[in-house]
Amino acid sequence: MSESYEYILETEHVSKSFGSLEVLKDINLKVKKGEVICIIGPSGAGKPTYLRSLNQLETITSGKIFIKGDLFLHREKDHTIADVSKAQRKALLLEMGMCFQRFNLFPHKTVLENVMLAPITVKKEHPQQVQAEAMELLESVGLADKANEYPSRLSGGQQQRVAIARALAMKPEIMLFDEPTSALDPELVGDVLQVMKDLAAKGMTMLCVTHEMGFARDVADRVLFMADGIIAEEGRPEDLFTNPQNPRTQAFLKSVL
Ligand code: ADP
């Protein structure tokens, strides 16, 4: 991997189609280490598809993805022009953690076991060390006292905080959040957003698809407004929320604020 890089994550001309449906059209983005980016926009915009394309849950149709300065993937017209070796691919993918709308914890494992699983099985780390780090992470999301519970005994908000701890246990440099609070009852949203705020304050690079405009306003360094597969407008939250330039951004914000 490159020793130094200007952008921790970069996409050039990223497009993605499902059959004849063009969901992403020429997305260009450069993300600096430590930057917090919130992605907002109407349904059908392609927000989760973009996030999922970054960590290869979707395969882009064309474009380039760079991670820490390395060309991770280059595709044109559904053909791979260049990608990295299998080992490098694994290493670069491990730089990204992801949290989904649905937390998908393993139901038959305790909270602690959920957090410990990937570092032990994927990274072959020492269980004792992993356990100590997992307990620290559970502490940081306010759930150390639930370590030995099973997920079904936790609220949705608590489960999502475990899912965040689980992703962090792999020590990613970039966290991708796909509407992590949208499946939660309103009273449970705040605790999850607080965990994300704490993470941002610690300098984590974050890309968050969110409907939480207050969160985006408070925490984002940059807000992207996506519509119809393009980044229609982007800017600092204080500019984009108070003085949107694009009529589509104006209409969207009017409908949600
Ligand atoms: P958003 O949340 O911004 O609406 P998505 O990225 O979820 O955007 O979806 C954008 C569009 O892509 C939607 O029209 C959706 O139906 C379509 N889409 C998403 N995933 C798939 C898929 N796996 N197969 C076919 N169409 C999909």
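Note that the coordinates shown come from a computational prediction; the quantities given were computed from them, not determined experimentally.

Participant: An account of the sheet that holds strand β10 (residues 222-227) is requested, with residue identities and associated values reported.
Facilitator: Pairing is mixed across the open sheet formed by six strands, whose spatial order is β7-β8-β9-β3-β10-β11. Of all the strands in the sheet, just β7 (96-99) and β11 (230-235) have a single pairing partner and so form its edges. Each adjacent strand pair in this sheet contributes to an overall mean axis angle of 20°, direction not counted. Where β10 lies against β11, five bridges are found, and the strand directions are antiparallel. Pairing of L224 across the sheet is with E234, part of β11. Sitting on the sheet, helix α9 (residues 247-256) is in contact with β3 (36-40), β10 and β11, with an inclination near 100° to β10.

Participant: Mind laying out α9, listing which residues take part and the relevant values?
Facilitator: Among all positions in α9, only T249, F252 and L253 are buried. Take α9 and look down its axis: the buried residues cluster within an arc of 95°, on one side only. Along α9, the residues that are exposed and aim more than 90 degrees away from the buried face are P247, K254 and S255. The secondary structure elements touched by the buried residues of α9 are β3, α7 (213-219), β10, β11 and α8 (237-240). Where α9 begins, the side chain of N246 points an oxygen toward the backbone nitrogen of R248, at a separation of 2.7 Å.

Participant: Run through the site of the ligand, naming residues and quoting values.
Facilitator: Taken together, F18, L21, V23, P42, S43, G44, A45, G46, K47, P48 and T49 form the complete shell of residues around the ligand. Backbone polar atom of G46 to an oxygen atom of the ligand: 3.0 Å apart, as the coordinates give it. At a separation of 2.8 Å, an oxygen atom of the ligand approaches a polar side-chain atom of K47. For the ligand, the protein covers 58% of the area, taking 560 Å² as the surface of the free molecule. Listing elements by their share of the shell around the ligand, those giving two or more residues are β2 (21-31) and α1 (47-54). Element by element, the count of residues in the shell around the ligand is highest for α1, at three residues. Grouping the constituent residues of the shell around the ligand by class yields six nonpolar, four polar and one charged.

The rules behind these values
Residues numbered from 1 in each chain as written. Predicted model: local features only at pLDDT ≥ 70, side-chain atom pairs only at ≥ 80, totals over all residues. Heavy atoms only, no water. Pairing = 2+ DSSP bridges. Helix = DSSP H or I, 4+ residues; strand = E, 2+ residues; numbered from the N terminus. Axes fitted to C-alpha atoms, helices over the stretch in contact; angles between N-to-C directions. Contact = heavy atoms within 4.5 Å. Buried < 20%, exposed > 50% of the residue type's maximum accessible area, 1.4 Å probe, protein only. Arc of directions from axis to C-beta. Polar contact = N/O pair within 3.5 Å; in protein donor to acceptor, adjacent residues only side chain to side chain. Near = heavy atom within 4 Å. Areas by Shrake-Rupley, 256 points an atom, 1.4 Å probe, with all protein chains shown as cover. Nonpolar A, V, L, I, M, F, W, Y, C, P; charged D, E, K, R; others polar.

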